[in-house]
Amino acid sequence: MEKTEREDLAAWLKSQAADVVLSDCLQHIATSCIRIAHLVARAPLEGTAGSSDTTNIQGETQKQLDIISNDVMIEQLRLCPHIAAVVSEEVPDLIANPDAAENASFVVCFDPLDGSSNIETNAAIGTIFSVLELDGPTTDVTAESVLQSASNQIAAGYALYGPSTLLVLTTGKSVAVFALDPDEKRFFLIEAKVQIPEQTSEFAINMAYQRFWSPAVATYIEDCISGETGPRGKIFNMRWTGSMVADVHRLFVRGGIFLYPALSRPGGAQGKLRLLYEAAPMAFLVETAGGGASTGTRPVRSIEPEKLHQRAPVILGSKEEVELLTNLHHAS
Ligand code: P6P
């Protein structure tokens with residue numbers, strides 16, 4: 001497709017008949033990601049690729065870019081009057097938008113820089129976001145009003161900062177992929193309707209935690225690595241980048257199954273990934289592209305959150321594989 005014919009993000013949103021205020025919100029998110037992509041690329045030159053001397057609510061040492069990216073998101077989203085508040089992985093409490101319009105009804109939950117342990121290895125990292133529409137009145141938005149509205153996820157997406165910067169986005173109708181033109185600083189549509197193949201021969205899991213897996217996950221992975229003479233009758237491949245955005249993006253490119261399951265180690269019962277700004281947006285994207293999104297025992301998107309930063313086990317990807325593994329969980 002000639003570049004001159006390519007649709008940019010604004011044109012695509014218009015073609016989707018996306019609500020005008022939602023389009024405005026998503027364009028502010030995209031602007032944040034363009035800014036973050038630039039800062040990530042310059043980090044080695046600016047000396048910002050390393051760790052800070054602070055930790056986040058998760059107890060994880062923050063990278064300087066975690067903080068920088070978080071600041072970019074908060075500052076940019078404050079400019080959107082339709083956003084009543086934001087929830088960030090890097091900040092314990094909800095952040096109300098002081099410049100929100102009286103009828104602002106959106107809450108944006110985000111992980112500003114997912115996979116940041118990969119920054120110093122120059123591996124792919126990303127930004128994950130979810131847009132919720134508040135159920136009730138938007139004055140004095142509280143964490144409680146966000147938790148009550150978590151099932152009202154109306155848009156989700158991620159930016160992947162790799163050899164190219166990509167934006168993958170859904171408003172519920174389809175999953176579209178955009179590539180950043182770094183010269184024009186605009187996202188252009190490169191794929192309009194991504195579909196995840198229902199079958200796969202590739203899984204993504206951190207094998208180092210094998211001793212903590214449930215019997216269902218252990219059986220599933222053992223069958224995969226048994227190859228053509230095993231129960232699956234075919235050879236499987238494995239990938240694990242340590243960056244959810246990169247591992248999930250692969251599902252949209254060639255199918256697969258991504259697992260960060262419940263672990264029997266202390267504190268691992270709900271896995272590691274957070275519901276509001278990692279599991280739920282990725283589940284929305286994957287299911288909209290025809291894939292499956294389960295905790296192992298229930299759909300990810302059926303969870304009613306009780307805390308802003310709660311975790312959830314995650315099994316995402318090719319529908320037949322997710323269903324197979326979910327059935328193994330129910331049978332065990
Ligand atoms: P582990 C990055 O820290 C992250 O939250 C996800 O991006 C990634 O999938 C996961 O953690 C990796 O976790 O335990 O393999 O280091």
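Remember, predicted model here, so these are calculated numbers, not experimental data.

A. Focus on the sheet that holds strand β6 (residues 125–133). Read from one edge to the other, the open sheet built from eight strands follows the order β4-β3-β5-β6-β7-β8-β9-β10, with strand pairing classed as mixed. The sheet is open, and its two borders are formed by β4 (95–96) and β10 (186–191), each paired with just one other strand. Note: strand β9 (residues 175–181) against β10, five bridges, orientation antiparallel. Looking across to β10, one finds that valine 177 is bridged to glutamate 191. Across the sheet, helix α7 (residues 275–288) touches β3 (83–88), β5 (106–114), β6, β7 (153–161), β8 (165–170) and β9, and the angle it forms with β7 is around 100°.

B. Local environment of the site of the ligand. Taken together, the neighbourhood of the ligand is formed by 14 residues, with Asp114, Asn206, Tyr209, Met244 and Tyr260 sitting nearest. Here methionine 244 contributes a backbone N or O atom positioned 2.7 Å from an oxygen atom of the ligand. Taking lysine 272, its side chain carries an N or O atom lying 2.9 Å from an oxygen atom of the ligand. When the free accessible area of the ligand is taken as 400 Å², the share hidden by the protein chains comes to 85%. Its residues assigned to classes, the shell around the ligand shows six nonpolar, four polar and four charged.

C. Up close: the sheet that holds strand β14 (residues 292–294). Strand order in this open sheet of five strands is β12-β11-β13-β15-β14, and the pairing throughout is mixed. Edge positions in the sheet fall to β12 (237–238) and β14, since each of these pairs with one other strand and no more. Pairing analysis gives two bridges linking strand β11 (residues 202–204) to β12, with the strands arranged parallel. Bridging across to β12, glutamate 202 finds its partner in asparagine 237.

D. Layout of the pairing of strand β1 (residues 51–55). Pairing of β1 with strand β2 (residues 61–63), which is carried by two bridges, proceeds in the antiparallel orientation. Residue serine 51 lies in a different strand from β2, and its bridge partner there is lysine 63. What sits between β1 and β2 in their antiparallel hairpin is a turn of five residues, with glycine 59 showing a positive phi close to 80°.

E. View of the environment of serine 69. When you line up the elements, serine 69 lands in helix α3 (residues 64–77). The buried category is assigned to serine 69, whose relative accessible area is 2%. In the structure, serine 69 is positioned 213 residues away from methionine 282 in sequence and 20 Å away in space, judged by C-alpha atoms. Among residues more than four places away in sequence, those in contact with serine 69 are Ile36, Pro112 and Leu113.

F. Inspection of the pattern of salt bridges at higher detail. Enumeration according to the criterion identifies 12 salt bridges in this entry. In this structure, glutamate 184 and arginine 186 form a salt bridge, with 2.8 Å as the shortest nitrogen-oxygen distance. Given the relative accessible area of 35%, arginine 186 is considered partly exposed. Between glutamate 287 and arginine 301 there is a salt bridge, with its nearest N and O atoms 2.7 Å apart.

G. Representation of the domain arrangement of the protein chain. The domains assigned to the protein chain are domain 1 (9–191) and domain 2 (202–331). The gap between the C-alpha centroids of domain 1 and domain 2 is 23 Å. Between domain 1 and domain 2, a total of about 2600 Å² is buried, with carbon and sulfur atoms accounting for 68% of that surface. At the junction of domain 1 with domain 2, the criterion picks out one salt bridge.

H. Here's a closer look at the side chain of threonine 165. In this fold, threonine 165 is placed in strand β8. In this structure, threonine 165 is in contact with Ala37, Leu160, Phe178, Ala179, Leu180 and Phe187, ignoring residues within four places of it in sequence.

I. Spatial organisation of unusual backbone geometry. Positive phi, close to 60°, is recorded for asparagine 122, a residue that is not glycine. With respect to the helices and strands, the residue asparagine 122 is situated in the loop between β5 and β6. A relative accessible area of 69% means that asparagine 122 is categorised as exposed.

Parameters and conventions
- Residue positions within a chain follow its written sequence, with the count starting from 1.
- With the structure being a predicted model, the display of local features is reserved for residues of pLDDT at least 70 and the display and counting of side-chain atom pairs for 80 or more, all residues being used for whole-chain, interface and lining totals.
- Each side-chain value is derived from all of the structure's non-hydrogen atoms; neither hydrogens nor water enter the calculation.
- Only strands joined by at least two bridges in the DSSP assignment are considered to pair.
- The helix and strand labels rest on DSSP assignments: H or I over at least four residues marks a helix, E over at least two residues marks a strand, and numbering proceeds from the N terminus.
- Pairs of residues are marked as contacts when any of their non-hydrogen atoms sit within 4.5 Å.
- Here the axes come from fitting lines to C-alpha atoms, over the contacting stretch only for helices, and the angles between their N-to-C directions go from 0 to 180 degrees.
- To be near a molecule or strand, a residue needs just one of its heavy atoms within 4 Å of it.
- Whenever a nitrogen or oxygen atom comes within 3.5 Å of another N or O atom, the pair is scored as a polar contact, on the condition that within protein one atom can donate a hydrogen and the other can accept it, and that pairs from neighbouring residues in sequence are kept only if both atoms are in side chains.
- Calculation of accessible area relied on Shrake-Rupley with a 1.4 Å probe; when residues are assessed, cover is drawn exclusively from the protein chains displayed.
- When residues are grouped by polarity, Ala, Val, Leu, Ile, Met, Phe, Trp, Tyr, Cys and Pro land in nonpolar, Asp, Glu, Lys and Arg in charged, and all others, Gly among them, in polar.
- For every residue, the accessible area (1.4 Å probe, protein chains only) is compared with the maximum for its type, and the residue is labelled buried under 20%, exposed over 50%, or partly exposed between those bounds.
- A pairing counts as a salt bridge when a side-chain nitrogen of Lys or Arg comes within 4 Å of a carboxyl oxygen of Asp or Glu.
- Throughout the structure description, domain borders are defined by an automatic or database domain assignment.
- The buried area of a pairing is the accessible area, by a 1.4 Å probe, that goes missing from both parts when the two are put together, added over both.

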